[in-house]
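Here's the letter readout for the chains.
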Amino acid sequence: MINISELTVLCDKLGCKITPEAPLNEYITFRFGGPCRALISVNSASSSAELIKFLKGNGIKYGILGRGSNVLVPDEGFDGVILHFGSDFSNIEVNCNTLRCDAGALLASACVRAQQLGLTGMENLFGIPGTIGGALYMNAGAYGSEMKDVVYSAEYIDENCNICNILSNNMELSYRKSLFSGTDKVITSVTLKLEKGNPDEIMKAMSECMAKRKSKQPLEYASAGSTFKRPEGSYASLLIDECGLKGFSYGGAMVSEKHSGFVINKGYATCSDVLELCERVKKIVNEKTGYKLELEPVILS
């Protein structure tokens, strides 16, 4: 049982905003999903650690949410508390050629700040929707670049609610995975190490990257970005194309006609629609090609 009154007192003490029965469709890029019991906007690593300690100590289910760009929320919602790493925890500090970013800072904001400072290395990451914390959690990447190429260190809360630091070479960064993936470890800040470059050339590269995204990806629709992980030896979009599944739909969910690696929300999709469509796509691809596709977004459960 969640004691909202007791939790509100703690949030007031920590200066964190709490919203009971928050509709999570407003917090994920797919724009569907039911409510959570309470959503707390965290404002620091220490407040996050204290909140997690309270929630664990009281046996309260909780989840972490940034921009929700790689997350599916069930239609019935989440029967627990969401710690939201957003604008209240999004500071970016500059020190020579490093950026120390709070976990709630948008990856795009870090890219822009780097460009303004004439720091290169993040150009191909520009346009990836999500926070710095989420990007490191899944080692986000695009066009040959990944977070592992620019991350230097991170601060995180461990399973015992201690605030720890870790260097990138200990983060086990691989394709869409990190040491943090699927664990209770919670990233609270990320330090990026970049190189000096020409601001105009960096801006040109970022603009070209964004133009490429707009021309190839269905950015006009709500989605969670790439829906399937890249299988070894091929590409999800290529396999889906080969199976003639562009435009394949179920309910309000559809395989994008622009980029078959994206499942999009036509405007009225439910989480159940998306999951059913994905299962059908996976089944057809496996039967026709032998490849087994794996869902990339995380299901909040």
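Scroll up to find the structure this text is about.
Predicted model, so just to flag it, every value in this text is computed and none were measured.

Here is what the cut-offs are and how they apply
- Residues numbered from 1 in each chain as written.
- Predicted model: local features only at pLDDT ≥ 70, side-chain atom pairs only at ≥ 80, totals over all residues.
- Heavy atoms only, no water.
- Helix = DSSP H or I, 4+ residues; strand = E, 2+ residues; numbered from the N terminus.
- Rg over C-alpha atoms; globule rule 2.2 N^0.38 Å.
- Buried < 20%, exposed > 50% of the residue type's maximum accessible area, 1.4 Å probe, protein only.
- Contact = heavy atoms within 4.5 Å.
- Lys, Arg positive; Asp, Glu negative; His and termini not counted.
- Charge placed at Lys NZ, Arg CZ, Asp CG, Glu CD.
- Axes fitted to C-alpha atoms, helices over the stretch in contact; angles between N-to-C directions.
- Parallel < 35°, antiparallel > 145°, perpendicular 65-115°, else oblique.
- Nonpolar A, V, L, I, M, F, W, Y, C, P; charged D, E, K, R; others polar.
- Phe/Tyr/Trp six-rings, centres within 6.5 Å; stacked < 30°, edge-to-face > 60°.
- Lys NZ or Arg CZ within 6 Å of the ring centre and 35° of its normal.
- Core = buried A, V, L, I, M, F, W, Y, C linked by side-chain atoms within 4.5 Å.
- Disulfide = S-S within 2.5 Å.
- Expected span 1.5 Å × (residues − 1).
- Arc of directions from axis to C-beta.
- Polar contact = N/O pair within 3.5 Å; in protein donor to acceptor, adjacent residues only side chain to side chain.
- Pairing = 2+ DSSP bridges.
- Left-handed = near helix turned anticlockwise from the far one by under 90°.

## Here's the deal with the overall build of the protein
Thought 1: Secondary structure summary: the protein contains seven helices and 19 strands in total.
Thought 2: The C-alpha radius of gyration computed for the protein amounts to 19 Å, which stays within 12% of the reference 19 Å derived for 301 residues, consistent with globular compactness.
Thought 3: Taken across its 301 residues, the protein has 51% of its residues classed as buried.
Thought 4: The long-range fraction of contacts in the protein, counting pairs at least 24 apart against all pairs at least 6 apart in sequence, stands at 65%.
Thought 5: One way to put it: in the protein the 31 positive side-chain charges average out to a point 3 Å from where the 34 negative ones average out.

## Focus on the packing of helix α3 (residues 107–116) against helix α5 (residues 199–216)
Thought 1: Running from amino to carboxyl end, α3 crosses α5 at an angle of 150°, the nearest separation of the two axes being 8 Å. Classified by the interaxial angle, the pair formed by α3 and α5 is roughly antiparallel. Side by side, α3 and α5 meet where Cys111, Val112 and Gln115 of the first sit next to Pro199, Ile202, Met203 and Met206 of the second.
Thought 2: Residue composition of the contact of α3 with α5, by class: six nonpolar, one polar and no charged.

## Regarding the packing of aromatic side chains
Thought 1: Within the structure shown, the criterion is met by three aromatic pairs.
Thought 2: When the centroid spacing of 5.7 Å and the interplanar angle of 50° are considered together, the rings of Phe85 and Phe89 count as tilted.
Thought 3: Since its relative accessible area comes to 3%, Phe85 is described here as buried.
Thought 4: Classification of Phe89 as buried rests on a relative accessible area of 5%.
Thought 5: Here the guanidinium or amino end of Lys212 rests over the ring plane of Tyr143, the centre of that ring lying 4.5 Å away.
Thought 6: The residue whose ring lies beneath Arg230 is Tyr175, and the NZ or CZ to ring-centre distance is 4.4 Å.

## So, the nonpolar core
Thought 1: Leu107, Met122, Leu136 and Leu192 are the most contacted members of the largest nonpolar core, which totals 37 residues.
Thought 2: Among the elements of the structure, β7 (98–102), α3, α4 (132–137), β11 (151–157), β12 (163–167), β13 (186–193) and α5 are those that each provide at least two residues to this core.
Thought 3: Examining the composition of this core, we find that four residues originate from one element, α3, more than from any other.
Thought 4: Other than its neighbours up to four places away in sequence, Met122 contacts Leu107, Ala110, Cys111, Ala114, Val150, Leu192 and Leu194.
Thought 5: In terms of nonpolar packing, the next biggest core, distinct from the first, is built from 33 residues, Cys271, Val274, Leu293 and Leu295 among them.

## Some remarks on the state of the cysteines
Thought 1: All told, the structure shown has zero disulfides when counted by the stated rule.
Thought 2: Just so you know, Cys271 is unpaired, no disulfide at all, and the nearest cysteine sulfur is the one on Cys278, 9.3 Å from it.
Thought 3: Looking at Cys271, the relative accessible area reads 2%, which means it is buried.

## Quick notes on α5
Structural remark: α-helix, 3.6 residues per turn; residues separated by three or four positions point the same way.
Thought 1: Between the first and last C-alpha of α5 there are 26 Å, a value that for 18 residues agrees with the 26 Å anticipated at 1.5 Å per step.
Thought 2: Those residues of α5 lying buried are Ile202, Met206, Cys209, Met210 and Arg213. Taken around the axis of α5, the buried residues stretch over an arc of 95°, which confines them to a single face. Facing away from the buried surface of α5 by more than 90 degrees, the exposed residues are Asp200, Glu201, Lys204, Lys214 and Ser215.
Thought 3: The secondary structure elements touched by the buried residues of α5 are α3, β8 (119–120) and β9 (141–142).
Thought 4: Taking the backbone nitrogen of Asp200 as reference, a side-chain oxygen 2.8 Å away marks Asn198 as the first, capping residue of α5.

## Section: the side chain of Glu146
Thought 1: Inspection of the secondary structure assignment puts Glu146 in strand β10 (residues 145–146).
Thought 2: When sequence neighbours within four positions are dropped, the list of residues in contact with Glu146 reads Leu125, Asn139, Ala140, Gly141, Tyr175 and Arg176.

## Here's the deal with the pairing of strand β2 (residues 36–41)
Thought 1: Extensive coverage of β2 is indicated by the burial of five of its six residues.
Thought 2: Sheet analysis places strand β1 (residues 17–20) next to β2, joined by four bridges and oriented antiparallel. When the bridges of β2 are listed, Lys17 appears paired with Ser41.
Thought 3: Pairing between β2 and strand β5 (residues 78–84): five bridges, direction parallel. If you follow Ile40 over to β5, its bridge partner there is Leu83.

## Looking at the packing of helix α1 (residues 4–14) against helix α2 (residues 45–57)
Thought 1: Running from N to C, α1 and α2 point in directions that differ by 165°, and their axes come no closer than 11 Å. With respect to α2, the element α1 is oriented roughly antiparallel. In the packing of α1 onto α2, the handedness of the crossing is right-handed. In this structure, α1 uses Glu6, Leu7, Leu10, Cys11, Lys13 and Leu14 to contact α2, whose residues at the interface are Ser47, Glu50, Leu51, Phe54 and Leu55.
Thought 2: The residue inventory of the contact of α1 with α2, partitioned by class, reads seven nonpolar, one polar and three charged.

So, to be careful, I would describe these as geometric facts and stop short of saying anything about function.
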